[in-house]
Structures are given as C-alpha cells and as structure tokens.
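As a plain string of letters, each chain reads:
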Amino acid sequence: MVSETNIPAIWILVAVTVGLIVVLWISLKTRKFISERDRYVLLALRILAIVLIGLIAWNPSIEENYPDRDGFQLALLADLSASMHLPDVEGDTSRISTVEQMLAADSGESLGDRLTDLYDLVQHGYSDGLIPGKLNTFELKPGVTAIGDSLDELLQNHSAGANRLGGVVLFSDGISLEGQSVFEVAKRYRSAGVPISVVGVGEPSAGKDLKIEFSQSPKEAVFGEAFELQVLVSNEFDFAVENEIVLLDGDEVLDQKPFKIDGESEKEVGFTVVPNRQGLHLLRVKVNARQAGDLNPNTDVDYAAVTVAEPETMKVLYLSARMSQEYRFLKRVVEDDPGLSFRALIKLGPGKFFQGGFEADEIDSKKPEFPQELDTLLRYSVLLVDASAFGELKDSVSLGLKDFLMRRGGGLVVIGSLDNVPDQLRSILPIREMDTRYSESRQGLEVQQEPAFQGLAGGVLFGAPSPFLEEQMRVPLASKLSKGARPVLQARASTLPIVAAQAYGAGRVVHMGSDQSWRWKMDSDRGGEQYRLYWQHLLAWLGAGGKPRFEVPLEGTLQDLSEPLNLNIMVRNNEYQLSDSAVVRAVLKGPDGTSTPEQLLMPDSREPGQYRGSVGFSLPGEYRVNYSVEYEGGEQIDRSAFFAGAYIGAENSDLRFRESELKDLARITGGVYYHYTEVDAIEELSLSSSVPMFQRYHYWTRHFLFILLFLGISGYEWFYRRRIGLR
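Thresholds, definitions, all that
- Residues numbered from 1 in each chain as written.
- Predicted model: local features only at pLDDT ≥ 70, side-chain atom pairs only at ≥ 80, totals over all residues.
- Heavy atoms only, no water.
- Phe/Tyr/Trp six-rings, centres within 6.5 Å; stacked < 30°, edge-to-face > 60°.
- Buried < 20%, exposed > 50% of the residue type's maximum accessible area, 1.4 Å probe, protein only.
- Pairing = 2+ DSSP bridges.
- Helix = DSSP H or I, 4+ residues; strand = E, 2+ residues; numbered from the N terminus.
- 1 Å grid on protein atoms, 1.4 Å probe; cavity = no way out; pocket = protein on both sides within 12 Å on 5 of 7 lines; lining within 4 Å.
- Points joined across faces, edges and corners; volume = space filled by probe spheres on them.
- Nonpolar A, V, L, I, M, F, W, Y, C, P; charged D, E, K, R; others polar.
- Axes fitted to C-alpha atoms, helices over the stretch in contact; angles between N-to-C directions.
- Arc of directions from axis to C-beta.
- Contact = heavy atoms within 4.5 Å.
- Polar contact = N/O pair within 3.5 Å; in protein donor to acceptor, adjacent residues only side chain to side chain.
- Expected span 1.5 Å × (residues − 1).
- Patch = residues over 30% accessible without salt bridge, like charges linked within 9 Å, V, L, I, M, F, W, Y side chains within 5 Å.
- Areas by Shrake-Rupley, 256 points an atom, 1.4 Å probe, with all protein chains shown as cover.
- Salt bridge = Lys/Arg side-chain N within 4 Å of Asp/Glu carboxyl O.
- Lys, Arg positive; Asp, Glu negative; His and termini not counted.

**Some words on the packing of aromatic side chains**
Throughout the structure, instances matching the rule amount to 17 aromatic pairs. Plain terms: the ring middles of Y534 and W535 are 5.5 Å apart, the flat faces sit at 85° to each other, and that makes the pair edge-to-face. Exposure remark for Y534: the relative accessible area of 0% places this residue in the buried category. For the pair F617 and Y623, a centre-to-centre distance of 5.3 Å together with 80° between the ring planes defines the contact as edge-to-face. Grouping residues by exposure puts F617 and Y623 together as buried. By way of ring pairs, the aromatic residues F453, W520, Y531, Y534 and W535 are connected into one cluster.

**Regarding the pairing of strand β18 (residues 352–356)**
With five bridges connecting them, strand β17 (residues 340–349) and β18 associate as antiparallel partners. When the sheet's bridge partners are listed, L345 is paired in β18 with Q355. The antiparallel hairpin formed by β17 and β18 contains two residues in its connecting segment, where G351 sits at a positive phi of about 75°.

**Side note on empty space enclosed by the protein**
Under the definition given, this model contains one cavity of 30 Å³ or more. Roughly 110 Å³ of internal volume is contained in the largest cavity. At the level of elements, β23 (468–469), β26 (497–504) and α11 (518–523) are the ones that each hand at least two residues to the lining of the largest cavity. Within the lining of the largest cavity, the residues separate by chemical class into ten nonpolar, three polar and two charged.

**Focus on the sheet that holds strand β13 (residues 265–273)**
Spatial strand order, β8-β10-β13: three strands in an open sheet with antiparallel pairing. Where the open sheet ends on each side, the last strands, each with one partner, are β8 (210–216) and β13. Here the strands of the sheet are splayed against their neighbours by 25° on average, with no regard to which way each runs.

**Side note on unusual backbone geometry**
In the segment running from E450 into P451, the intervening peptide bond is cis, with an omega of 5°. Looking at the element boundaries, P451 is found in the loop between β22 (443–447) and β23. The phi angle at N59 is positive, at roughly 55°, despite the residue not being glycine. With respect to the element layout, N59 can be found in the loop between α2 (36–58) and β2 (60–67). A positive phi is found at E264, a non-glycine position, where the angle reads about 50°. Position of E264 among the secondary structure elements: in the loop between β12 (252–261) and β13.

**Some thoughts on helix α13 (residues 659–669)**
One turn of the α-helix equals 3.6 residues, which is why residues spaced by three or four share an orientation. Taken as a whole, α13 has its buried residues at L662, L665, A666, I668 and T669. Viewed along the axis of α13, the buried residues span an arc of 165°, placing them on a single side of the element. G670 sits one or two positions beyond α13 and adopts a positive phi of about 90°.

**Overview of the environment of E228**
With respect to the helices and strands, the residue E228 is situated in strand β10 (residues 227–235). Residue class for E228 comes out partly exposed when judged on its relative accessible area of 40%. Leave out the neighbours within four places in its chain, and E228 touches Q216, P218, F271 and T272. Here T272 takes part through its side chain, which lies 3.0 Å from a polar atom of the side chain of E228.

**Considerations on helix α14 (residues 704–723)**
Between the first and last C-alpha of α14 there are 28 Å, a value that for 20 residues agrees with the 28 Å anticipated at 1.5 Å per step. Listed in full, the buried residues belonging to α14 are F706, I713, E717, Y720 and R721. End-on, the buried residues of α14 take up no more than an arc of 100°, which puts them together on one face. Along α14, the residues that are exposed and aim more than 90 degrees away from the buried face are F704, L708, L711 and R723. The inward-facing, buried residues of α14 abut α2. At the C-terminal side of α14, G725 shows a positive phi close to 95°.

**Looking at the environment of L24**
By the secondary structure assignment, L24 is in helix α1 (residues 9–29). Of the residues examined, L24 reaches a relative accessible area of 46% and is grouped as partly exposed.

**Some words on a nonpolar patch on the surface**
Side chains of I7, I10, W11, L13, V14, V18, V22, W25 and I26 sit close together on the surface and give an oily, nonpolar patch of about 900 Å² of accessible area. Mapping V22 onto the fold places it in helix α1. By relative accessible area, V22 is classed as partly exposed at 41%.

**Notes on the side chain of R114**
Within the secondary structure layout, R114 lies in helix α4 (residues 111–118). Despite being buried, R114 has no salt bridge partner; D680 is the closest side chain of opposite charge, sitting 4.6 Å away. Side-chain polar atoms of R114 contact the backbone oxygen of I682, separated by 3.2 Å. Beyond its immediate chain neighbours, meaning those up to four positions away, R114 contacts E109, V679, D680 and I682.

**As for the side chain of R658**
By the element assignment, R658 lies in the loop between β37 (636–646) and α13. Note on R658: relative accessible area 14%, which makes it buried. A polar contact of 2.7 Å, which involves the side chain of R658, links it to the backbone oxygen of R656.

**Side note on the sheet that holds strand β31 (residues 569–571)**
To summarise the sheet geometry, strands pair through backbone hydrogen bonds and adopt either a parallel or an antiparallel arrangement. The strand order across the open sheet built from eight strands is β28-β31-β34-β33-β32-β36-β37-β29, with neighbouring strands paired in mixed fashion. Each edge of the sheet is formed by a strand with only one pairing partner; in this case those strands are β28 (550–551) and β29 (558–560). Sheet topology note: the strand β32 (residues 583–589)/strand β33 (residues 599–603) ladder contains three bridges and is antiparallel. Each residue of the ladder has a partner; that of V584, found in β33, is L601.

**Topic: the pattern of salt bridges**
Scanning the entire structure with this criterion turns up 26 salt bridges. A salt bridge links E392 to K347; the shortest N-O distance between them is 2.8 Å. Of this pair, E392 sits in the loop between β19 (382–386) and α9 (395–399) while K347 is found in strand β17, placing the two residues 45 residues apart along the sequence. Overall, the relative accessible area of 39% leaves E392 in the partly exposed class. Residue class for K347 comes out buried when judged on its relative accessible area of 18%. In the salt-bridge network here, residues are joined through shared partners; they are D604, R606, E607 and R612.

**Quick notes on the layout of surface pockets**
A probe matching the size of a water molecule, rolled over the atoms, marks out where space remains unfilled. Size it by volume and the largest pocket reaches roughly 1200 Å³. The wall of the largest pocket is formed by 38 residues, among which R277, L280, M406, R407 and R639 lie closest to the centre. Elements with a contribution of two residues or more to the lining of the largest pocket: β14 (279–287), β15 (301–309), α10 (401–408), β28 and β37. Here the lining of the largest pocket gets six residues from one element, more than from any other, and that element is β37.

Following this line, the structure appears as structure tokens:
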C-alpha cells in the first residue's frame, strides 16, 4: 500500500492527534448537559470522522501489477498422442475429450476462453514433437510421446524469434516414452525463467482390464455337427466382476452366458456350436456390457475363424405341389448315391401331403405342411423346388431362398416355367426369359462340362447317343440368360439352353425349364446311366457351395487406430472372376453406435477386382463395416465385416497416469500443478519475472463506498446533535 499526497505524513499524524484531543475535550465538557449514552455515541462518530479525514489527507492506494499482453506470449501445449484415448476420467470420458472440453472456444466459461482474455495465447498440439500450425482439432496423432522434445522445440523457437515466451501451460497424462529427459528440459526452462504450469489429465487408478479371448477353437468343422469352444476370461481388477459373454456369428447371436469371476483371476467358459452353413465362419465373443474402469475396450472382443465343410452325406429336400414322373425316377437315383440323403414333401391336395425319407424327429407326420420357417430350409445342402410349390409356400419362406443361398451357401434347383416363380425371386435365377417351342422330332441335347461335369469328360454323358428331348413335346427353352449364367444342357439344333446355372451369393442356382429328363432312363440302359450321372453330379456340385465372392483383409483383425483404416475389398462376379465393373460402397459403424457417411470405394487399375478406400477412426473397441456390392445386371450382395480397433505399440503398453512426474515438472520450473478437476479455480498462471508489466492504482478514498461512509458518518453526527438539542 502506498500514499500519494503532498502533505508530509507527520503533519497528517499530528493533525489527527490534535483533532482527537479536541473531540475528547468537547466530550468531557458536555457531560453535564447530555446523557452518558449520547455522549459516547457522539464521541465515536467524531473519532471516525477525524480518522476518515486523515485518510483523505494521506490518500492511500493499493498497487496492482498486471502483465502487458502485447509484450509476451503464453504457450499452450495439448497432448495429442495415442495414450490420450484412454477413458479414465469422470464419466468414462477420454483424456483427449476432457482437454477439448477445457479448451472449448467461445463457450464463455472454459479455461481456454479465460486464458485467451488474459494473455496472447498461442496453442500447439504435440505427440512425438510439436505439431505445426494452430491447434484447431483434437484428433489423436501418430508417433510416440516426447514431452521433453516438444518443450525444448518450443523454447528454441521463441528464443530465436521476436516473441518473448512468458510462460507455458501443459495438458498431459505424463506419459513420455522417447526423446530428451523431461527433467533436463525443465532445468533449461528454469534457467530461462519460464515457468511451466501443468494440468494433469487422468486418474491414478488407470491400468485395469477385463480381457476375453478364445483359448480353444477348431480350425475345421462339419455342417450340422456340434463342436466345442473355450473362452478365457481374465480379470485384473482386485474385486469380483459379474458380466455376460455373447457368442456371435456375424449378426447372429449363437449363445449368451453369464459369468462371475473373482478379482485378479482367470476363468474358462465353454460353448457348444452347431454350424448352420458351410464355408468360413468368423466367430467372435465379446463382453456384453463394458466393465466400469476397464481401460482396454479392444480386449473385450476376440475372433476365431472356423471353416465348415459339408457333411459326407448331404441332405437334399424336394418340394412340389404335384406328383410327377421326374420325382419318381429322381428319388431312386438319389437314394442310390451314398453321398446324398433324399427327403421329399409333395402336396397332393387340400390338407394332403406325401412325405418321403424323413426321420421321426424331422417332421410332424400328423400335421404335414410345407416349411413354415427359413431355418427349416437351412438344414439342407440342396433344395429341389418344383415351380408349382411357390404358390403354396409362405412368402417369408419363398423369398427366404435368397438367404438360403447367401447365408447357407447351399444349392438350389428350380424346375418349371418362370410364370410360376415370384417376381422377387427371378433375380436369383440364371434364366431370365423363356420361349416355349414344340418339338416335332426327337432332338439331341448337349451337356456342358463347365461348370458341373468336369469330372465326367469323355464319359457316356458326353458321347453319342446323347440325352434327348422327346418328339411332339412343348419344351421351354431359355431365350435370355442373366449375366454370369452358364448353359448346362442345351438343344443341339437351336443352341438354346434348357438348363442353366449361376452363382448367387455364397451358393449356386440351377434352373430347368422342363421336368422330362426321366425319359432318358426309360429309353435305354445307356439313357439310364446318363440320367444317374447327370443328377448325382449336378446335386453334388450344387451341394459343394460356391467360393467366397469377397475377400476382406481387415475382417477379424486388430487395426491400429493411429493410422487411417483401409476399407479394401476383393470382389468376384458370379463366375468367380475378379470384377472391375461393380459398384462398391462401405459404411463404418463404431463402438459408440455412430456411422460414417457412405463411402464409394474405387477400383484399383493395377489390381483387378480390388476396390480401395480409407477412413479415419479413433475409438477403441469393436467395429463393423457394412459393404454393399452391386453388379451389372442388378445383382446386389450385402456383407458385414467385423474387427477391433486399438492403439497399438509402446504408446499403449502402460497407460498409467504419471501425476508425480507432472508435479515435478511444474515444481522445477516454478509453475503450479493442477489436476483437471481443479481448472475452474484457475484465474491466472505463473509467468516469467521478465515479462513487461503494467501498474494500476486503486485509491481507497475515491471509492464510492468510502465516500458514502464519510458522508453517512458526518450526516448522522449532525442529525444526532440536533436530535438531542445541541448545535
């Protein structure tokens, strides 16, 4: 406190003393005229008035020093390294999100706004060094954290530049894994007189994990036959945890099992799986609900690839709404093949069905009916559907044949005219248009080796006399095939197919316009052999399923969140040839349920069939990519791929919050340490003693409260004297 007056202080003191003596003398003189109470009230009021008059004469003030914001810069450094992804702060918020909230611009109440009002603030992000440019976004950056190198680079930049560095505020979790020692750099800051204020972002409890992984899984399995899986749960917490394990195959939940595991222990949970389709299954297990305090969500899911083969004896189901000669002969041929097991369900009339080949637990013999659920069809490797049955099947089952091909990867034979096939199903058939012609004479048929009869080349199926069309018959021939369809059986005279095949999804489809192949068997022994070979090999080829149409490299992998995600996919058409003419789109869905905008993947001109694209992602946990592939001709296949995202490498090997190191950094440089929960109390930061300062004086006697007090005391003294009868 200082005084600004031309009157010597001793004079003021003498004057106040004399005034007090006079007031006391007057008080003694009036004791005979007024009461003791009134005398003491007047004495107190007059003493206060004399003291205030003395203060007016002395004119005291409080000196306030504040920095010249144009004479220096305050540097703000925010840690953008991978360790800042950890959600260990209040509300399971990530460290980086907490920093972003503290520095939110234009919120009016954030620490960032308060510092901007006080100082010329320059903001930087850092990871393995200072990140060039202004800190505009809080996206995690690649590299291994180097706090020492980043601080040293900042100090050198300001030493060489015109802008004086008046102080630093550092936001960090304390993890620094490479570069210069933080404490050696802190000593250089102390020598330069630049204090570092530190805001620690994190909680001391970091480092616990609830982990799940496959401990036992077969590489191969057989369709319809159960196999065992073992899942190992590891609990690093020091208390018991209750949760639930979910076993999935794509979107299908196969099983769910609750578990309870003691603290700091391991436990195995077993599952039994019966595969319902052939091909590659990417099974995954995950923890149903994230454990509070679990700091590694990428270990909450694991993957196992199991290749499921068709059984040695494949099941074939025949569906029809009429009894035909084709069925009678086909039944005998299929039953003679030990690799095929034949079942038939034929509607004979209202409420009347013929059932053949079923075991007791496969069908209700008292209430026979066509399949009511798609799951019933998924039990079979091959479906033989006479077109007459489509009018009797439920729409959900009829249209579910697409799923049978896509999910099951099975084989489908449709026998009969397109007129009886629902419009929504025609896109899966290889024959798009048919032309019915009258056969005036017997016509030979040519069997194509590709794709179903490669192993019979040179046999009776291809030699003369060949299979035939009987004379004086109306025969539907294919006048238009879908793109990718292949003729299987065609008339020699017209070269128009009577039977065609194509791939659809993971399965295979054959369409036969005629059900008259049984006539071959009636013609001769050779014809009977041709009939047997034709049907047995065609059904075996159909039951074997198709090759994968897509190859997705990221499926079932652990992807590094510090790098852009490659959405690359290899695409084949329905002839299993690499396709460059498809339209491929992808959408990424993250662990928090949010999805990226749909992205169009571009074909790679250097690699046929390869479509490329990339997208950024930052949250640890399980991701899903939904691919949509549209081929020429209208075929569209949707496919989902699952993978886990994590920050990989030394940056994430030990995510403990290093609070003690941050406190030492602030102490050595002369700064102050704040925990992130204390930032609301920060009004100003420690600055270098060399920064230019302004001075501001606050005069007591010029404050309106002082003036109001002086006038109030003086006025009340006058009023009180008049009230008791004194002048």
